[in-house]
Protein chains: 2
Amino acid sequence: MNFHKITDRDLSYFEQLLPGNCFAQAEVLEAYAHDETEDLHFMPEVVLKPSTTEEVSAILKYCHEHGICVTPAGGRTGLSGGMLPVFGGVIMSMEKFNRILDIDERNHQVTTEPGVITQVLQNTLKERGLMYPPDPSSKGSCFIGGNVSENSGGPKAVKYGVTKDYVLNLEVVLPTGEIIWTGANVLKNATGYNLTQLMVGSEGTLGVITKIVLRLIQHPTQDLLMLVPFFDAQKACEAVAQIFQAGVTPSGLEFMERDAILWTLPYEPDTVIEVKDNHQAHLLIEVDGFDQEILMKECEKIMEVLAGFDTDEILFAESQAQKEQLWKLRRKVGEAVKSHSIYKEEDTVVPRYELPKLLALVKAVGKKYGFTSVCYGHAGDGNLHVNIIKGDLTDEFWNEGLSVAIAEIFEGVVKLGGTISGEHGIGLVQRQYMPIAFPGVQLDLMRAIKRAFDPKGILNPGKIF
Amino acid sequence: MNFHKITDRDLSYFEQLLPGNCFAQAEVLEAYAHDETEDLHFMPEVVLKPSTTEEVSAILKYCHEHGICVTPAGGRTGLSGGMLPVFGGVIMSMEKFNRILDIDERNHQVTTEPGVITQVLQNTLKERGLMYPPDPSSKGSCFIGGNVSENSGGPKAVKYGVTKDYVLNLEVVLPTGEIIWTGANVLKNATGYNLTQLMVGSEGTLGVITKIVLRLIQHPTQDLLMLVPFFDAQKACEAVAQIFQAGVTPSGLEFMERDAILWTLPYEPDTVIEVKDNHQAHLLIEVDGFDQEILMKECEKIMEVLAGFDTDEILFAESQAQKEQLWKLRRKVGEAVKSHSIYKEEDTVVPRYELPKLLALVKAVGKKYGFTSVCYGHAGDGNLHVNIIKGDLTDEFWNEGLSVAIAEIFEGVVKLGGTISGEHGIGLVQRQYMPIAFPGVQLDLMRAIKRAFDPKGILNPGKIF
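Presented here is an overview of the structure given in this document. Each chain has its residues counted from 1, following the order in which its sequence is written. Chains and ligands are labelled sequentially in the order written, the chains with letters from A and the ligands with numbers from 1. Selection of residues for local features in this predicted model requires a pLDDT of at least 70, selection of side-chain atom pairs for listing and counting requires 80 or more, and totals for whole chains, interfaces and linings are taken over all residues. Working from all heavy atoms in the structure, the side-chain values ignore hydrogens and water.

### Examining the pairing of strand E17 (residues 372–378) of chain B
As a general feature of sheets, a regular strand has side chains that alternate between the two faces.
All names here are of chain B.
No. 1: For E17, the tally of buried residues reaches six of seven residues, placing the bulk of the element in the interior.
No. 2: For two strands to pair, DSSP has to find at least two bridges joining them. Every helix listed is a DSSP run of H or I at least four residues long, and every strand listed is a run of E at least two residues long, numbered separately from the N terminus. In this structure, strand E13 (residues 252–257) lies alongside E17, joined through two bridges in antiparallel fashion. Looking across to E17, one finds that Met256 is bridged to Tyr376.
No. 3: Sheet topology note: the E17/strand E18 (residues 383–389) ladder contains seven bridges and is antiparallel. Residue pairing for E18: Cys375 is matched across the bridge by Val386.
No. 4: Counting the residues that bridge the hairpin from E17 to E18 gives four residues, and of these Gly382 lies at a positive phi of roughly 70°. We call a residue buried when its accessible area falls under 20% of the maximum for its residue type, exposed when it is over 50%, and partly exposed in between, using a 1.4 Å probe and counting protein chains only.

Here it is in structure tokens:
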């Protein structure tokens, strides 16, 4: 793709438009040249930090007119390279859109700007007894706008759904600079095509989100947490589906392979967990609600299911501190695995019951191509994060041969009724695999939708397709 | 719009393609000339009843090539005229797509054809302990495919969400005849634009749905139902939001104005309800779950809220029979109001707490323009069905003046953060009001999406825009 390179004249336009919020210094550009995706690095030509919808609109109008490409950036915690400015141009950082605009307790809704950190939003709402459930592992630093753009999930999704299930309405600046609202602040809507749901998960390629209306729920007041060691990782996967069949919907149902915990423990030395030699995997199971007795009953049902499996002693978290420790451990796994080795992370998802087959598939492909993998993730959703470890693999295989192996995993995933990304998005690093998930016609439709929103293709080019 | 009129040559192609399932006889055409929308009537030129995806594809390929318009038809229970063949052409009836293909208990999913009656699907699933919650009043005759096309709701939506919250994946034949799957059979999906959600609620204008994958939940085993008479209809609306703020999410929270019940009682003479002179409205409140004790606790919380309002004696349904009677009464309201007079039904929706303002608005506009209205609906969702009664109004005002009044209601609805259809769709009869919900840019985007799917505009023309 051919975009206009930014000139001094462009820079002076941006400086005039955003006094003090236009950056072309190398150290600033450098900070916006990467997210959390592997070791990828692309330099933007300028970083702009607008703080109003009108400023976003003016920037996009100008860039549309001049053929300058624009990549919106949130908390830069993405795992698929969605914010990498692969063609240079403008990084539009949304960090100054950091206000929660209206907490509407009576309607269980919040209107927020996109640059609010997800955990800040959640904690603010919790003070009012309200809950916004989706909680990606990066919640301490990711932006709610990024969550909307990637349709983020997290551990609570198993009971409460993903980001798309909470977005009611969006203010969006189109790549041409026009400002729209995509829907209405209502729970039911049968008024034209669902532009709101089209924006959710569109990875910043269709428009820049400037306001978000989310529905909220009452915050649960109670929870119980248990950690279950399995001697057989396959059996742990099988137990997952059976828990749902028993009529319980846990608020968290996480799977961690042996190595996932072992590699993470050094980063969380206070965690009191014994991983025995014969422990192949752990399930972390949480139930939540408003009544302790009900939760106890649900735990009993879960225990009945687990009694049918060969597990070691189950750890019930005894205090709030221990609960937090266990969740911290789980949240840290991704980071720990990454610190351990060069890696590539795949975000596979299948129907829940097919999880054991997915795990077997990953291990079989690993054996065939000679790589190790560490698997963990949201088992209750059938969403398994597969971390392929570089270890002793040659650079040549890592850079060229591995994609054949990954394609083999994805083809198996699709055969199981699944797809290639559950919650991380396609971004830059998964787009080569899109034809496995969607043959030509669907991709053509998506491209046509992209053109309808962004006729010149200036917004976040090089992503998804 | 200019479409090719069907000739004998076209007919003989269709007859050859669908032996015995191609109808041009007047009495068949007549049966497909209307749905449940007012007294509207448009004759198709031919009715086709394919029974395989390949047949649907062949029909669309042919019609696309020859410029023949095609209107898909489901159970023909729509309330916005979505299946009316306003330009004649082909009615593609999906009634032969009536098989439930796969009930996947282990993954809590079902794959069904679109021509299955919603209640048949629900009952079949219930036998396995599974639930597909969305239950429009027409559930005894509407098709699940129509529900997907209109993003149907129903009373259970308040707790369980609407159709869009259950659709995982769709097999769709595009207007050009190409066959696609829109997504994957998974609970989390961040793989490209959400074509599944774009199809849901698109009212048969983007493609013909031939297979539907729905997620399911465990069927609740217990429920409690109460009917609460209010002396003040506004106060009934206010109570609705307070129930949610108390931390209870009822599985049904229905509002019926005085007249809605009075007009319906003659159709359900067995119902033992006394509507006193000073009863202005009733709330029908249901809670459901798996544990009687928990439900009793929830009812107590609801009673605490209601104690703050001036209500008459609350009726608790004492038997399954009485529960069914009360729900039957509620479901019958629409039909009863329609039998009572010529009417126009609007499907307004606002944020839940704004419901009293919406009711006041409807009555004020009625007073200004001199019409009576009967209001009822899904108060828990802020979704109020407004039935405007013709009564003594002149034909001239009814046919021309009334739209000004309706526009005034819709403008007020949008100011309250709401929109013009919660669950009935835009179809034919609401499209003139679309510019109130969406100014030009959004409509242009929707039109561009339509063109991307249907370049010649042959599929269900004259709807939404």
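### Some details on the relation of the copies chain B and chain A
No. 1: When chain B is fitted onto chain A, the two copies agree to an RMSD of 0.0 Å after a turn of 180° and an axial shift of 0.0 Å. Such values leave the two copies arranged in the relation of a two-fold axis.
No. 2: In this assembly, 100% of the residues forming the interface of chain B have copies in chain A that are likewise at the interface, indicating an isologous arrangement. A residue counts toward the fit only if its pLDDT is at least 70 in both copies, and the copies are then superposed by least squares on the C-alpha atoms of those residues. By definition in these notes, contact holds between two residues if any of their heavy atoms fall within 4.5 Å.

### Focus on the interface of chain B and chain A
No. 1: Counting residues at the interface gives 81 residues for chain B, matched by 81 residues for chain A.
No. 2: When two components associate, each loses some accessible surface as probed by a 1.4 Å sphere; the sum of these losses over both components is called the buried area. The contact between chain B and chain A buries some 6,400 Å² in all, and 61% of this surface belongs to carbon and sulfur atoms.
No. 3: The rule for a salt bridge is simple: a side-chain nitrogen of Lys or Arg has to be within 4 Å of a carboxyl oxygen of Asp or Glu. The tally of links between chain B and chain A comes to six salt bridges.
No. 4: Salt-bridge contacts for Lys297 of chain B lead to Asp291 of chain A; the nearest nitrogen and oxygen are separated by 2.4 Å.
No. 5: Here a polar contact is recorded for every N or O atom pair within 3.5 Å, except that within protein the pair must consist of a potential hydrogen donor and a potential acceptor, and residues adjacent in sequence are included only if both atoms are side-chain atoms. For the pair chain B and chain A, the number of links is 32 residue pairs in polar contact (both at pLDDT 80 or more).
No. 6: Sorting the residues of the side of chain B that touches chain A by element identifies strand E9 (179–181), helix H7 (195–199), helix H8 (233–245), helix H10 (292–307), helix H14 (434–437) and helix H15 (440–453) of chain B as the ones contributing at least two each.
No. 7: Residues of the side of chain B that touches chain A, tallied by class, amount to 34 nonpolar, 31 polar and 16 charged. When residues are sorted by character, Ala, Val, Leu, Ile, Met, Phe, Trp, Tyr, Cys and Pro go into the nonpolar class, Asp, Glu, Lys and Arg into the charged class, and all the rest, Gly among them, into the polar class.

### Quick look at the packing of helix H8 (residues 233–245) of chain A against helix H10 (residues 292–307) of chain A
Working note: a packed helix pair is described by the angle between its axes plus the distance between those axes.
Residues and elements named next belong to chain A.
No. 1: Relative to each other, H8 and H10 sit at 140°, their axes nearing to 9 Å. Relative to H10, H8 is oriented oblique. Judged by the twist between their axes, the crossing of H8 over H10 is right-handed. Side by side, H8 and H10 meet where Ala239, Gln242 and Ile243 of the first sit next to Ile302, Val305 and Leu306 of the second.
No. 2: A per-class count over the contact of H8 with H10 returns five nonpolar, one polar and no charged. Every axis in this analysis is a line fitted to C-alpha atoms, fitted for helices over the stretch in contact. Angles between the N-to-C directions lie between 0 and 180 degrees. Roughly parallel refers to an angle under 35 degrees, roughly antiparallel to one over 145, roughly perpendicular to one between 65 and 115, and oblique to any angle outside these ranges. If you view the pair so one helix is near and one far, a crossing is left-handed when the near helix is turned anticlockwise from the far one by less than a right angle, and right-handed when it is turned clockwise.

### Section: unusual backbone geometry
Most peptide bonds adopt trans geometry, and most residues besides glycine take a negative phi value.
Residues and elements named next belong to chain A.
No. 1: Unlike most non-glycine residues, Arg76 shows phi in positive territory, near 55°.
No. 2: Of note, Arg76 is situated in the loop between strand E3 (70–73) and strand E4 (90–93).
No. 3: Phi is positive for Asn460, close to 45°, though the residue is something other than glycine.
No. 4: Turning to its location among the elements, Asn460 is positioned in the segment after helix H15 (440–453).

### Topic: H10 of chain B
No. 1: For a helix, the expected span equals 1.5 Å multiplied by the residue count minus one. If you check H10 of chain B, its first and last C-alpha atoms are 22 Å apart, about what 16 residues at 1.5 Å a residue would give, namely 22 Å.
No. 2: Residues of H10 of chain B that are buried include every one of Ile294, Leu295, Cys299, Ile302, Val305 and Leu306 of chain B, and no others. The buried residues of H10 of chain B occupy an angular sector of 140° when projected down its axis, which confines them to one face. Opposite the packed face of H10 of chain B, turned more than 90 degrees from it, sit the exposed residues Glu304 and Ala307 of chain B.
No. 3: Those residues of H10 of chain B that are buried are in contact with H10 of chain A together with strand E12 (222–230), H8, strand E14 (281–289) and strand E15 (315–316) of chain B.
No. 4: Here H10 of chain B starts with a cap whose side-chain oxygen sits 3.0 Å from the backbone nitrogen of Glu293 of chain B, and that cap is Asp291 of chain B. Read the arc as the range of directions from the helix axis to the C-beta atoms.

### A short note on the pattern of salt bridges
No. 1: With the rule as written, the count across this model stands at 52 salt bridges over all chains.
No. 2: Across the salt bridge formed by Lys363 of chain A and Glu257 of chain A, the nearest N and O atoms sit 2.6 Å from each other. Taken together, the residues Lys363 of chain A in helix H12 (residues 355–369) and Glu257 of chain A in strand E13 (residues 252–257) connect sequence positions 106 residues apart.
No. 3: Among the residues examined, Lys363 of chain A registers a relative accessible area of 31% and is labelled partly exposed.
No. 4: Looking at Glu257 of chain A, the relative accessible area reads 11%, which means it is buried.
No. 5: One continuous salt-bridge network, built from bridges that share partners, spans Lys188 of chain A together with Asp381 and Glu423 of chain B.

In short, shape yes, function no, at least from these values alone.
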